[in-house]
Amino acid sequence: MSWEQKKNRKDHWEAIYQTKKPQELSWYQAIPKTALNFFKEYAISKEAPILDIGGGDSLLVDHLLEMGFKNITVLDISESAINRAKRRLGESAERVEWVIS
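Note that this is a predicted model, so its numbers are computed, not measured.

Q: Explain the side chain of Asp 52 to me, using residue names and the numbers behind them.
A: Looking at the secondary structure, you find Asp 52 in strand β1 (residues 50–53). Put simply, Asp 52 is tucked away with no salt bridge, and the nearest opposite charge, on Arg 88, sits 8.3 Å away. Apart from the residues lying within four places of it in its own chain, the contact partners of Asp 52 are Ser 58, Leu 60, Thr 73, Val 74 and Leu 75.

Q: Quick one: what's the story with the pattern of salt bridges, residue by residue and with numbers?
A: Within the structure shown, the criterion is met by 4 salt bridges. A salt bridge links Arg 84 to Asp 57, with the nearest nitrogen and oxygen atoms 3.0 Å apart. Linking Arg 84 in helix α4 (residues 79–89) with Asp 57 in the loop between β1 and α3 (60–66), this pair joins segments that are 27 residues apart in sequence. Residue Arg 84 shares its accessibility class with Asp 57, and that shared class is buried. Measuring nitrogen to oxygen at the nearest pair gives 2.5 Å for the salt bridge that ties Arg 88 to Asp 57. Of this pair, Arg 88 sits in helix α4 while Asp 57 sits in the loop between β1 and α3, placing them 31 residues apart in sequence.

Q: Describe the nonpolar core, naming the residues involved and giving the relevant values.
A: Counting residues in hydrophobic clusters, the biggest one holds 16 residues, and the most contacted among them are Val 61, Leu 64, Ile 72, Val 74, Val 96 and Trp 98. Counting only elements with at least two residues in this core, the list comes to α2 (33–41), α3, β2 (72–76), α4 and β3 (96–100). The element best represented in this core is α3, accounting for 4 residues. Setting aside chain neighbours within four positions, we find Leu 64 in contact with Leu 36, Phe 39, Ile 50, Phe 69 and Ile 72.

Q: Outline the sheet that holds β3, supporting the account with residue identities and numerical values.
A: In space, the 3 strands of this open sheet follow the order β1-β2-β3, with parallel pairing throughout. Looking along the sheet, the strands with just one partner apiece sit at the ends: β1 and β3. Sheet twist, expressed as the average angle between the axes of neighbouring strands with direction ignored, equals 20 degrees. Of the strand pairs in this sheet, β2 and β3 are connected by 5 bridges, and their pairing is parallel.

Q: Could you give an account of unusual backbone geometry, with specific residues and numbers?
A: Located in the positive-phi region is Ala 43, a residue other than glycine, with phi close to 45 degrees. Along the chain, the position of Ala 43 falls in the loop between α2 and β1. Judged by its relative accessible area of 62%, Ala 43 falls in the exposed class.

Q: With reference to specific residues and values, describe the environment of Trp 13.
A: One can find Trp 13 in helix α1 (residues 3–19). Under the relative-accessibility criterion, Trp 13 is labelled partly exposed at 27%.

Q: Explain the packing of aromatic side chains to me, and be specific about the residues and the numbers.
A: One pass over the full model with this rule turns up 4 aromatic pairs. Seen from their ring centres, Trp 13 and Trp 27 are 5.8 Å apart, and the 65 degrees between their planes marks the pair as edge-to-face. Placement of Trp 13 in helix α1 and of Trp 27 in the loop between α1 and α2 is noted, with a sequence separation of 14 residues between them. Judged by its relative accessible area of 43%, Trp 27 falls in the partly exposed class.

How each quantity is defined
Residues numbered from 1 in each chain as written. Predicted model: local features only at pLDDT ≥ 70, side-chain atom pairs only at ≥ 80, totals over all residues. Heavy atoms only, no water. Helix = DSSP H or I, 4+ residues; strand = E, 2+ residues; numbered from the N terminus. Buried < 20%, exposed > 50% of the residue type's maximum accessible area, 1.4 Å probe, protein only. Lys, Arg positive; Asp, Glu negative; His and termini not counted. Salt bridge = Lys/Arg side-chain N within 4 Å of Asp/Glu carboxyl O. Contact = heavy atoms within 4.5 Å. Core = buried A, V, L, I, M, F, W, Y, C linked by side-chain atoms within 4.5 Å. Pairing = 2+ DSSP bridges. Axes fitted to C-alpha atoms, helices over the stretch in contact; angles between N-to-C directions. Phe/Tyr/Trp six-rings, centres within 6.5 Å; stacked < 30°, edge-to-face > 60°.

Shape is all these values report; function is a separate question.
Shown next, in the form of structure tokens:
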């Protein structure tokens, strides 16, 4: 993939997160039941490293923190999405590693 294609992809996602409210996005889930059920069903350790790829402004990280998970990384191409999640989480955002890439 060329640099220009990568930039266009990043610009696309930045525009989405700068212009749309979370509830306007087709993938929005107030409670990501399927993912949360996975963690419960398989008794994932609260210390297990968790990488939420494309997690951006997803509420999964909120629920994982509430459940007591300690080693969470959220990766997304959109800095705007990550910043929205950080603002929403407030001080709890410091308990998450955020990667924009």
